[in-house]
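Read off the chains here:
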Amino acid sequence: MTDVEDVLAGRGVDFDSAFAYALSPSMLRLIIVFLAGWLLLPVGLLVFFTPELVVGYSGIVREAVGMIIGLVIIVSAGALLVGGLIGALFKTIADGNRYAAESG
């Protein structure tokens, strides 16, 4: 385990630089996209399972429309959630590879 710590210490990665990287503008945008998906997903599930909140209690057609609206919100939130997570992971790996190529 100390070998990994020695390699990281030799590369100059510490708490301050990692925190600054996590709060850089491009990573911050990806984190905001992820959080937007994370917050919209429960809203979409609520609308899907209780469409009466959106369209009222007047018939199966209106409830079906409410469920479709909920499904659209769920799919959009899932895309934001997965896109933000995969984007942040890809950016971290790509930047790490670029840093390793430059320093190494």
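Because the structure is predicted, anything quoted here is derived from the model rather than measured.

Colleague: Explain the overall build of the protein chain here, please?
Modeller: Each helix and strand counted, the protein chain has five helices and zero strands in total. When the elements of the protein chain are put in sequence order from the N terminus, they spell out α-α-α-α-α. When each of the 104 residues of the protein chain is scored for burial, the buried share is 15%. Taking all contacts inside the protein chain whose residues are at least 6 apart in sequence as the whole, residues at least 24 apart take part in 65%. Accessible surface computed for the protein chain: about 7500 Å², of which carbon and sulfur atoms make up 76%.

Colleague: Would you mind going over the packing of aromatic side chains with me for this structure?
Modeller: When we look at a pair of aromatic rings, we describe it by the centre distance and by the angle of the planes. Considering all chains together, one arrives at one aromatic pair under this definition. Between the aromatic rings of Phe 48 and Phe 49, the centroid separation amounts to 5.1 Å while the plane-to-plane angle is 80°, which identifies the pairing as edge-to-face.

Colleague: In this structure, what is going on with the pattern of salt bridges? I would like to understand it.
Modeller: If you walk through the whole model with that rule in mind, you get two salt bridges. Lys 91 is the salt-bridge partner of Asp 95, the closest N and O atoms lying 2.5 Å from each other. A residue pair is termed a helical-turn pair when its members lie 3 or 4 positions apart in one helix, as Asp 95 and Lys 91 do in helix α5 (residues 60-103) at four residues. An identical accessibility class is assigned to Asp 95 and Lys 91; each is buried.

The rules behind each value
- In this numbering scheme, every chain counts its residues from 1 along its sequence in written order.
- Side-chain atom pairs in this predicted model are given and counted only at pLDDT of 80 or more, local residue features only at pLDDT of at least 70, and totals for whole chains, interfaces and linings cover all residues.
- Processing note: side-chain calculations cover all non-hydrogen atoms of the structure and skip hydrogens and water entirely.
- Put simply, DSSP marks the helices as runs of H or I at least four residues long and the strands as runs of E at least two long, and each gets a number from the N terminus on.
- Burial classes: relative accessible area under 20% of the type maximum marks a residue as buried, over 50% as exposed, and values in between as partly exposed (1.4 Å probe, protein chains only).
- For this analysis, residues touch if any pair of their heavy atoms sits within 4.5 Å.
- In these tables, accessible area is a Shrake-Rupley quantity obtained with a 1.4 Å probe, and a residue counts as shielded only by the protein chains included in the view.
- Between 30 and 60 degrees the pair is tilted, below 30 it is stacked and above 60 it is edge-to-face, where a pair is any two Phe, Tyr or Trp rings, Trp via its six-membered ring, whose centres lie within 6.5 Å.
- The term salt bridge refers to a pairing of a side-chain nitrogen on Lys or Arg with a carboxyl oxygen on Asp or Glu at a separation within 4 Å.

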